[in-house]
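Here is how the chains run, residue by residue.
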Amino acid sequence: MNAWYLLHCKGKQEERARLNIENQGYTTCLPQIKRQKIVQGKRVEQIEPLFPNYIFIHLDSSTANFNALRSTRGVNGFVRFGGMPATVPAQVMELILAIEQESLDKPEVHCVFNSGDTVQITTGPFAGLTAIYNMPKGEERCLIFLDMLGKQQRIEIDEAALRSEP
């Protein structure tokens, strides 16, 4: 019976496991998504696994060599329930593949603001005030300079609460 199964991989070795399994003649699926990350102080888009440390494999349970697959480099073993390797329903796999395709088809998002840009705060206690964008801090936050009490204050704020000043 052909079905999708789920393998647990060793830490950060999903790609290694995928290559070794495909070399054995099996079909695999390592769903990946685009995510924005801060790397060395700059916001970049990276492609990373949707399910870290897991890989899907399509095989015929009557002919597959489960021991060889379990012993493949980069693989810890099959995800099991009640001692039997768990199967993933075809509808779930279709949904996972659709999510992956939608994520990878998204256009690349660039940082909206550059250091020194004048921005307006749209929400929160400082809504309506004008500030100077400094730099991103973390995945969704940033640092801005805001004039308060005759002094420039450096404030951390959610980047979604800013818009470009016309």
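- Per an unreviewed UniProt entry, the protein carries the name Transcription/translation regulatory transformer protein RfaH and comes from Denitrificimonas caeni.

1. Some thoughts on the pattern of salt bridges
Then, number 1: Under the counting rule described, the total for this entry stands at four salt bridges.
Then, number 2: Between E15 and R18 there is a salt bridge whose closest N-O contact spans 2.2 Å. Of this pair, E15 and R18 both sit in helix α1 (residues 14-23), three residues apart, which is roughly one turn of that helix.
Then, number 3: Salt-bridge contacts for E156 lead to K137; the nearest nitrogen and oxygen are separated by 3.0 Å. Highlighted residues: E156 in strand β13 (residues 151-158) and K137 in strand β11 (residues 130-137), separated in sequence by 19 residues.
Then, number 4: Residue E156 is classed as partly exposed on the basis of its relative accessible area, which comes to 35%.
Then, number 5: A relative accessible area of 40% places K137 in the partly exposed class.
Then, number 6: By sharing partners, the salt bridges in this structure join E15, R18 and E22 into a single network.

Analysis parameters
- Residues numbered from 1 in each chain as written.
- Predicted model: local features only at pLDDT ≥ 70, side-chain atom pairs only at ≥ 80, totals over all residues.
- Heavy atoms only, no water.
- Salt bridge = Lys/Arg side-chain N within 4 Å of Asp/Glu carboxyl O.
- Helix = DSSP H or I, 4+ residues; strand = E, 2+ residues; numbered from the N terminus.
- Buried < 20%, exposed > 50% of the residue type's maximum accessible area, 1.4 Å probe, protein only.

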